[in-house]
Amino acid sequence: MSELAPYVDVWWHSVGDLLELLESLDDADWDTPTDLPGWDVRAVAAHTAHLERVLATGEEEHAEVPEAPHITGLMGMYTEIGVINRRTTPPAQIIEEIRTHTAARHEQLLADPPTDPDAVPERVFGGVPWTWRTLLRNRPLDVFLHEQDIRRAVGRPGNLDSPGAVHTADYLAESFGFVLAKKVGAPTGTTAVLEIEGHAPYAFGVGDDGRGRRLDVVPEQPTVRVSTDRESFLVLAGGRREAEPTRVVLTGDTALGEQLVASMATTP
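Here is what the cut-offs are and how they apply
Residues numbered from 1 in each chain as written. Predicted model: local features only at pLDDT ≥ 70, side-chain atom pairs only at ≥ 80, totals over all residues. Heavy atoms only, no water. Axes fitted to C-alpha atoms, helices over the stretch in contact; angles between N-to-C directions. Helix = DSSP H or I, 4+ residues; strand = E, 2+ residues; numbered from the N terminus. Left-handed = near helix turned anticlockwise from the far one by under 90°. Contact = heavy atoms within 4.5 Å. Nonpolar A, V, L, I, M, F, W, Y, C, P; charged D, E, K, R; others polar. Salt bridge = Lys/Arg side-chain N within 4 Å of Asp/Glu carboxyl O. Pairing = 2+ DSSP bridges. 1 Å grid on protein atoms, 1.4 Å probe; cavity = no way out; pocket = protein on both sides within 12 Å on 5 of 7 lines; lining within 4 Å. Points joined across faces, edges and corners; volume = space filled by probe spheres on them.

Visitor: How should the packing of helix 2 (residues 41-57) against helix 4 (residues 91-111) be read in this particular structure?
Guide: Geometrically, a packed helix pair is captured by the angle between its two axes and the distance between the axes. At a minimum axis separation of 8 Å, helix 2 and helix 4 run at an interaxial angle of 30°. The two elements helix 2 and helix 4 cross, and the hand of that crossing is left-handed. Between helix 2 and helix 4, the contacting residues are Arg-42, Ala-45, Ala-46, Thr-48, Ala-49, Glu-52, Arg-53, Leu-55, Ala-56 and Thr-57 on the first element and Pro-91, Ile-94, Glu-97, Ile-98, His-101, Thr-102, Arg-105 and Gln-108 on the second. Among the residues forming the contact of helix 2 with helix 4, the class breakdown is 8 nonpolar, 5 polar and 5 charged.

Visitor: How should I be thinking about the packing of helix 5 (residues 132-154) against helix 6 (residues 163-173) in this particular structure?
Guide: Where helix 5 contacts helix 6, the axes come no closer than 9 Å and their chain directions differ by 120°. Pair helix 5 / helix 6 crosses with left-handed handedness. In this structure, helix 5 contributes Thr-134, Arg-137, Asn-138, Pro-140, Leu-141, Phe-144 and Leu-145 to the contact, and helix 6 contributes Gly-164, Ala-165, His-167, Thr-168, Tyr-171 and Leu-172. Of the residues belonging to the contact of helix 5 with helix 6, the class tally is 7 nonpolar, 5 polar and 1 charged.

Visitor: Sorry if this is basic, but what is going on with the pattern of salt bridges here?
Guide: Opposite charge on two side chains permits pairing when their charged atoms draw close. All chains considered together, the criterion is met by 23 salt bridges. Between Glu-174 and Arg-137 there is a salt bridge, with its nearest N and O atoms 2.8 Å apart. A residue pair is termed long-range when its members are at least 10 positions apart, and Glu-174 in the loop between helix 6 and helix 7 (176-183) and Arg-137 in helix 5 qualify at 37 residues. Salt bridges linked by common partners bring Asp-35, Asp-149, Arg-152, Arg-240 and Arg-241 together as one network.

Visitor: Explain the sheet that holds strand 5 (residues 248-252) to me, please; I cannot follow it from the model alone.
Guide: Note: strands within a sheet are paired through backbone hydrogen bonds, in either parallel or antiparallel orientation. Spatial ordering of the open sheet is given by 3-2-1-4-5, a layout of 5 strands whose pairing is mixed. The open sheet has two free edges, formed respectively by strand 3 (212-214) and strand 5, since each of these has just one partner strand. Going across the sheet, the axis of each strand differs from the next one's by a mean of 20°, ignoring polarity.

Visitor: Help me out: how do you make sense of the layout of surface pockets in this one?
Guide: Taken as a whole, the second largest pocket encloses approximately 310 Å³ of empty space. Those elements giving two or more residues to the lining of the second largest pocket turn out to be helix 8 (230-237), strand 5 and helix 9 (254-262). Of the residues forming the lining of the second largest pocket, the biggest block, 3 residues, is contributed by helix 9. Here the residues of the lining of the second largest pocket sort into 10 nonpolar, 1 polar and 4 charged.

Without other data, these values stay purely geometric and don't point to any function.
Structural data, given as structure tokens:
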């Protein structure tokens with residue numbers, strides 16, 4: 001479990017951060033809209049409780065999901081189930097549900113740790129075809145991003161130097177080559193460097209096959225360089241909102257840089 005254990009650790013740390021934040025909220029805070037269309041703080045917490053319950057128990061939930069502008073695709077319909085089923089659930093009960101099921105899940109992972117990162121877990125919510133590696137890497141990302149959704153909604157910024165923050169930024173930065181080559185469609189030979197404060201630079205180049213690949217050496221004069229702080233990158237790559245213009249610096253081909261920033265989102 002040498003590869004997978006750190007993911008479990010950062011998820012568990014992120015769960016603790018989320019629970020601490022939720023416990024500090026007033027009842028009125030739970031009705032505050034977040035950056036996620038159609039979801040308030042209660043919905044974000046309910047969604048987390050739903051997924052962690054499925055992973056801990058293997059029991060799927062069911063609900064009649066209505067048509068709504070913010071519900072798109074099968075996964076969007078699936079994630080709405082937990083929100084619908086907890087629409088009138090008291091905040092304290094949602095918090096306890098998260099605490100109980102994550103604790104059970106943590107004990108399961110410690111008692112019977114997965115050993116093959118490429119194997120398929122017995123329990124994956126919604127039937128997504130994820131391996132252990134993908135599942136365990138995604139859980140801390142999801143929990144941390146939702147903690148930040150809540151923080152922005154209630155005006156309590158912070159926790160951006162946590163293990164969850166570092167893990168999530170590094171994870172999302174890996175998709176920068178995809179953004180460069182596929183979403184933006186940069187031509188062969190284009191190079192781009194992503195500099196996030198507190199992280200080593202990420203450098204990608206577009207190959208002859210049109211794919212963006214990580215470069216072993218960071219070019220001194222890339223086609224474009226995007227420099228920003230961790231929070232700005234997270235809201236952009238997480239598809240939450242636009243970053244403040246002064247917090248994203250572009251050098252080189254600024255037109256390409258603007259396209260990259262506009263296309264940065266790589267999560268639903």
